[in-house]
Amino acid sequence: MDKLSTKHLIFIIWGTSIVSMKTYPNIFIINGGRDSWISVIIASILMFLYFTYILYVCKKNNCYNMDEIYHRALGKTIGDIFLILFIITLIVTLIESSSVEANSINVAMLQETPPWFLLLFILIPAIYITKKGTRAITIIIVIGLSFIMVAGIILAVLTAKYKKLDYLLPIMANGITYPFILSVIKALGCYSGIGICIPFLSRVSSKSKITKYSIIALLIVIQMEIFANIGVLTTFSLVRLLGINYPKLIQTQLISYFSFVEGGEFFVMLQMVGGWFIKYMLTLNAILILLKKLSYFNKYWIYIITLFVFIFSYFISDQVLVIYKFLNLYVYFSVIGFILIPTIIFSIFHYKSTSNKFVYKNK
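None of these values were measured; they are calculated from a predicted model. Just so you know, the residues in each chain are numbered from 1, in the order the chain's sequence is written. Reporting of local features is limited, given that this is a predicted model, to residues whose pLDDT is at least 70; pairs of side-chain atoms are given and counted only at 80 or more, and all residues count toward the totals for whole chains, interfaces and linings. Water and hydrogen atoms were dropped before computing side-chain values, which therefore reflect all heavy atoms in the structure.

Secondary structure elements follow DSSP: runs of H or I no shorter than four residues count as helices, runs of E no shorter than two count as strands, and numbering proceeds from the N terminus. What the chain contains, in helices and strands, is 15 helices and 0 strands. Each principal axis of the C-alpha atoms in the chain carries an extent, and together these give about 75 × 45 × 35 Å. Split into buried and exposed, the 363 residues of the chain put 54% on the buried side. Partitioning the contacts of the chain with sequence separation of at least 6, the portion at a separation of at least 24 is 85%. A total accessible area of about 16,500 Å² is found for the chain, and carbon and sulfur atoms account for 69% of it. Residue burial is assigned from relative accessible area. The probe radius is 1.4 Å, only protein chains are included, and a residue is buried under 20% of its type maximum, exposed over 50%, and partly exposed in between. Contact criterion: two residues are considered in contact whenever any of their non-hydrogen atoms come within 4.5 Å of each other. Areas reported as accessible are Shrake-Rupley estimates using a 1.4 Å probe. Residue values count occlusion only from the protein chains shown.

As structure tokens, then:
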């Protein structure tokens, strides 16, 4: 059974768009400084407009198949080329997901365990679950994200007393600067995993409520990311924050109540491990959906892609300096691959469809 419900789409949106910004906010905080929470608000608005526009185009033209939209907009050959570029962006996202998870766990928790060993616990289970089909994937993401959401609420409560709003002041002391604009773009890059959801739209059985449930999911993501960013900024001073590789992991180590409750690491580890695994699994599944649409699919692709991802992730995840260089490039790459190019192609498709309908009515 390959069909999904609109409620499943909520979890897919959460699984693809939450974890990046929560794990490595330093990518854009280094440019936005104490005003980076404003960067997140602006990026959130742009992300919301982007995805609702994609849904608007699909609904207006009654077409949710990504391959059909690309082919009708650009023609068969050029459409295939841009679909392959989208698949390449998805493969790079697989490298991001596996590398960040392995490196963050190695740096903050299991320092004696090499990252390549941790990679095996991401890549191999992802193959197993993906081969079990859509039902297995939906069960994992629904259960996993439910626990992750509960863990996030608990962490928000437990870390509340360690936050100082004074760290946000003064607000926009330097006005809108070039580094601030870069911060907005990088924050949007952290959000751009939302583009992974596009291939899944054709799998949703009832299209009538896609927009409604997507907006609900997006609003939950937005408030979560804004408060999470404010949370790390108000927990640490800006200078100290920029010296921490994975702030969320360190933030939870502060938790101590009655000299007894000190389990913050457990909750954030659940968020980190579960969140990145779910994003990896959804990205892999999106690749297979598009390969089937392009008629390039065979049973060995999943193993070839996994081997390719393991090789690159092995080198990238080995050192923090290397992975942050990769992430600084990745956020720009993902904005182009997941947001800018699809927006242009969906606009061309919408314009052509609208023009054809207008010509048809006037004949």
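Quick look at the nonpolar core now. Buried Ala, Val, Leu, Ile, Met, Phe, Trp, Tyr and Cys residues form a nonpolar core when they are joined through side-chain atoms within 4.5 Å. If you look at the biggest cluster of nonpolar residues, it comprises 113 residues, and the most contacted ones within it are I13, W14, Y24 and I141. Top contributing element to this core by residue count: helix α13 (residues 264-293), with 15 residues. When near neighbours in sequence (up to four residues on either side) are disregarded, I13 contacts F51, I194, C197, S214, A217, L218 and V221.

The subject of this paragraph is the packing of helix α7 (residues 115-131) against helix α14 (residues 301-316). With axes taken as lines fitted to C-alpha atoms, and helix axes fitted only over the stretch in contact, angles between N-to-C directions fall between 0 and 180 degrees. Two elements in contact, α7 and α14, have axes separated by 11 Å at closest approach and are oriented at 160°. Taken together, the axes of α7 and α14 lie roughly antiparallel to each other. Handedness of the crossing formed by α7 with α14: right-handed. Contacts from W116, L119, L120, L123, I127, T130 and K131 of α7 reach α14 at I302, Y303, T306, F310, S313 and Y314. We call two directions roughly parallel when the angle between them is under 35 degrees, roughly antiparallel when it is over 145, roughly perpendicular when it lies between 65 and 115, and oblique otherwise. Crossings are classed by handedness, with left-handed meaning an anticlockwise turn of the near helix from the far one by less than a right angle and right-handed meaning a clockwise turn.

Turning our attention to unusual backbone geometry. Negative phi values dominate among residues other than glycine, just as trans dominates among peptide bonds. A cis amide bond, omega -5°, links L169 with the succeeding residue P170. Along the polypeptide, P170 turns up in the loop between α8 (134-158) and α9 (178-191). Here N62, not a glycine, exhibits a phi torsion of approximately 50°, which is positive. On the secondary structure map, N62 appears in the loop between α4 (36-60) and α5 (66-74).

The geometry of an aromatic ring pair comes down to the distance between the two centres and the angle between the two planes. Only the six-membered ring of Trp is used, alongside the rings of Phe and Tyr, when aromatic pairs are assigned; centres must lie within 6.5 Å, and planes under 30 degrees apart are stacked while those over 60 apart are edge-to-face, with the rest tilted. Applying the stated criterion to the full structure yields 10 aromatic pairs. Centroid distance W116 to F117: 5.8 Å. Interplanar angle 90°. Geometry classified as edge-to-face. Between Y246 and Y324 the ring centres are 6.1 Å apart and the planes differ by 50°, which places this aromatic pair in the tilted class. One end of the pair, Y246, is in the loop between α11 (238-241) and α12 (247-251); the other, Y324, is in helix α15 (residues 320-362), and 78 residues separate them in sequence. Summarising the burial analysis for this pair, Y246 and Y324 share the class buried. Feature note: the residues W116, F117 and F121 constitute an aromatic cluster, connected by ring pairs.

Once that is clear, we can look at the pattern of salt bridges. Here a salt bridge means any side-chain nitrogen of Lys or Arg lying within 4 Å of a carboxyl oxygen belonging to Asp or Glu. In this structure the tally under the stated criterion is 3 salt bridges. Between R72 and E68 there is a salt bridge, with the nearest N and O atoms lying 3.0 Å from each other. Remark: E68 and R72 occur in helix α5; sequence separation between them is 4 residues, near one turn of the helix. E96 is paired through a salt bridge with K279; the nearest N and O atoms lie 3.2 Å apart. Within this pair, whereas E96 is found in helix α6 (residues 76-108), its partner K279 is found in helix α13, the two being separated by 183 residues in sequence. The same class applies to E96 as to K279, namely buried.

We now examine α14. Since the α-helix advances by 3.6 residues per turn, residues separated by three or four positions end up pointing in the same direction. Under the convention used throughout, the expected extent of a helix is 1.5 Å for every residue step, that is, one less than its residue count. For α14, built from 16 residues, the straight-helix expectation of 22 Å at 1.5 Å per residue is met to within 8% by its first-to-last C-alpha distance of 22 Å. Within α14, the full set of buried residues consists of I302, I305, T306, V309, S313 and I316. Buried residues of α14 fall within an arc of 100° about the axis and therefore sit on the same side. Exposed side of α14, more than 90 degrees from the buried face: L307 and F315 are the residues found there. The directions considered for the arc run from the helix axis to the C-beta atoms.

In what follows, a disulfide is any cysteine sulfur pair within 2.5 Å. Using the criterion set out here, one finds 0 disulfides in the structure. The structure places no disulfide on C63, whose sulfur is separated from the nearest cysteine sulfur, that of C58, by 6.8 Å. No disulfide involves C197; its nearest neighbouring cysteine sulfur is the one of C58, lying 12 Å away. The class for C197 is buried, based on a relative accessible area of 0%.

To continue, consider a nonpolar patch on the surface. To count toward a patch, a residue needs a relative accessible area above 30% and no salt bridge. Like charges then connect within 9 Å, nonpolar side chains (Val, Leu, Ile, Met, Phe, Trp, Tyr) within 5 Å. Where nonpolar side chains cluster on the molecular surface, the patch consists of W116, F117, L120, F121, I124, L307, F308, I311, F312, Y314 and F315 and spans about 1,100 Å² of accessible area. Put simply, the parts of the chain that give the nonpolar patch at least two residues each are α7 and α14. Ranked by the residues each element gives to the nonpolar patch, the list is headed by α14, at 6 residues. Relative to the elements of secondary structure, Y314 occurs in helix α14. With relative accessibility at 37%, the residue Y314 sits in the partly exposed group.

Positionally, I105 belongs in helix α6. C-alpha of I105 to C-alpha of I81: the two residues are 24 residues apart in sequence and 37 Å apart in space. With near-sequence residues (within four places) excluded, I105 lies in contact with L110, L118 and V273.

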